[in-house]
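Spelled out, the chains give:
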Amino acid sequence: MPDHLLTETVMLCIHLLELFGIFVIVFGCIKAFLQYLRAGFTTEGREIKLELAKMLAFALEFKLGGEILRTVITKNMNELYMLGAVILLRSFLTLVIHYEIKFESD
């Protein structure tokens, strides 16, 4: 029974983190689009792009946290390999976005 309780608790936390990440992505995209509209459909200002990149990086941190938690409840090595690949991909995306933020802000 305690194993089942742990699994359910971890799954709830994973879903919450995924939901937080989705919310940040949607909020950031809507905010960036509204700024784009106010700017008259021009992309001359780098602030819109930087703000969106920061929001995407922030959202990826939530989603990465969910994947790391998922390692607690994996049952076999195939799941762990797949999870490792997802974690590596999301980490790589986060690094690329952080690099882009640094490059654009200089």
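Residues numbered from 1 in each chain as written. Predicted model: local features only at pLDDT ≥ 70, side-chain atom pairs only at ≥ 80, totals over all residues. Heavy atoms only, no water.

1. Some remarks on the nonpolar core
Part 1 of the argument: With six residues, the main nonpolar core is built from Leu50, Ala53, Ala57, Leu60, Ile97 and Ile101.
Part 2 of the argument: Looking at this core, the elements that each hand over two or more residues are helix 2 (46–70) and helix 3 (77–105).
Part 3 of the argument: Top element by residues in this core is helix 2. It accounts for four residues.
Part 4 of the argument: Not counting residues within four places of it along the chain, the set of residues in contact with isoleucine 97 comprises Ala53, Leu56, Ala57 and Leu60. (Core = buried A, V, L, I, M, F, W, Y, C linked by side-chain atoms within 4.5 Å. Buried < 20%, exposed > 50% of the residue type's maximum accessible area, 1.4 Å probe, protein only. Helix = DSSP H or I, 4+ residues; strand = E, 2+ residues; numbered from the N terminus. Contact = heavy atoms within 4.5 Å.)

2. Topic: the UniProt feature "transmembrane region" (unreviewed entry) in the protein
Part 1 of the argument: The feature "transmembrane region" (unreviewed entry), as annotated in UniProt, sits at residues 12–34 and 80–99 in this numbering.
Part 2 of the argument: Secondary structure across residues 12–34 divides into 100% helix and 0% strand, with the first and last C-alpha atoms of the span separated by 33 Å.
Part 3 of the argument: In residues 80–99, the share of helix is 100% and the share of strand is 0%. The end C-alpha atoms are 28 Å apart. (UniProt positions renumbered as here; feature names shortened; annotations may be inferred.)

3. So, unusual backbone geometry
Part 1 of the argument: One non-glycine residue, phenylalanine 41, lies in the positive phi region at around 60°.
Part 2 of the argument: Mapping phenylalanine 41 onto the fold places it in the loop between helix 1 (2–38) and helix 2.
Part 3 of the argument: Look at phenylalanine 41 and you get exposed, because its relative accessible area is 52%.

4. Brief notes about the packing of aromatic side chains
Part 1 of the argument: Overall, the coordinates contain six aromatic pairs when judged by the stated rule.
Part 2 of the argument: Ring centres 5.4 Å apart and planes at 85° place the aromatic pair tyrosine 36 and phenylalanine 41 in the edge-to-face group.
Part 3 of the argument: With centroids separated by 4.9 Å and ring planes inclined at 70°, the aromatic side chains of phenylalanine 58 and phenylalanine 62 adopt a geometry described as edge-to-face. One end of the pair is phenylalanine 58 and the other is phenylalanine 62, both in helix 2 and four residues apart, which spans about a single turn.
Part 4 of the argument: The partly exposed category is assigned to phenylalanine 62, whose relative accessible area is 22%.
Part 5 of the argument: Here a set of aromatic residues connected by ring pairs shows up, and it is made of Phe20, Phe58 and Phe62. (Phe/Tyr/Trp six-rings, centres within 6.5 Å; stacked < 30°, edge-to-face > 60°.)

5. Considerations on the pattern of salt bridges
Part 1 of the argument: Within this structure, the stated rule accounts for seven salt bridges.
Part 2 of the argument: A salt bridge links lysine 49 to glutamate 100; the shortest N-O distance between them is 3.6 Å. On the criterion of sequence distance, the pair formed by lysine 49 in helix 2 and glutamate 100 in helix 3 is long-range, its members being 51 residues apart.
Part 3 of the argument: A relative accessible area of 44% means that lysine 49 is categorised as partly exposed.
Part 4 of the argument: Across the salt bridge formed by lysine 49 and glutamate 104, the nearest N and O atoms sit 3.7 Å from each other. Taken as a pair, lysine 49 in helix 2 and glutamate 104 in helix 3 lie far apart in primary sequence, 55 residues in all.
Part 5 of the argument: Since its relative accessible area comes to 14%, glutamate 104 is described here as buried. (Salt bridge = Lys/Arg side-chain N within 4 Å of Asp/Glu carboxyl O.)

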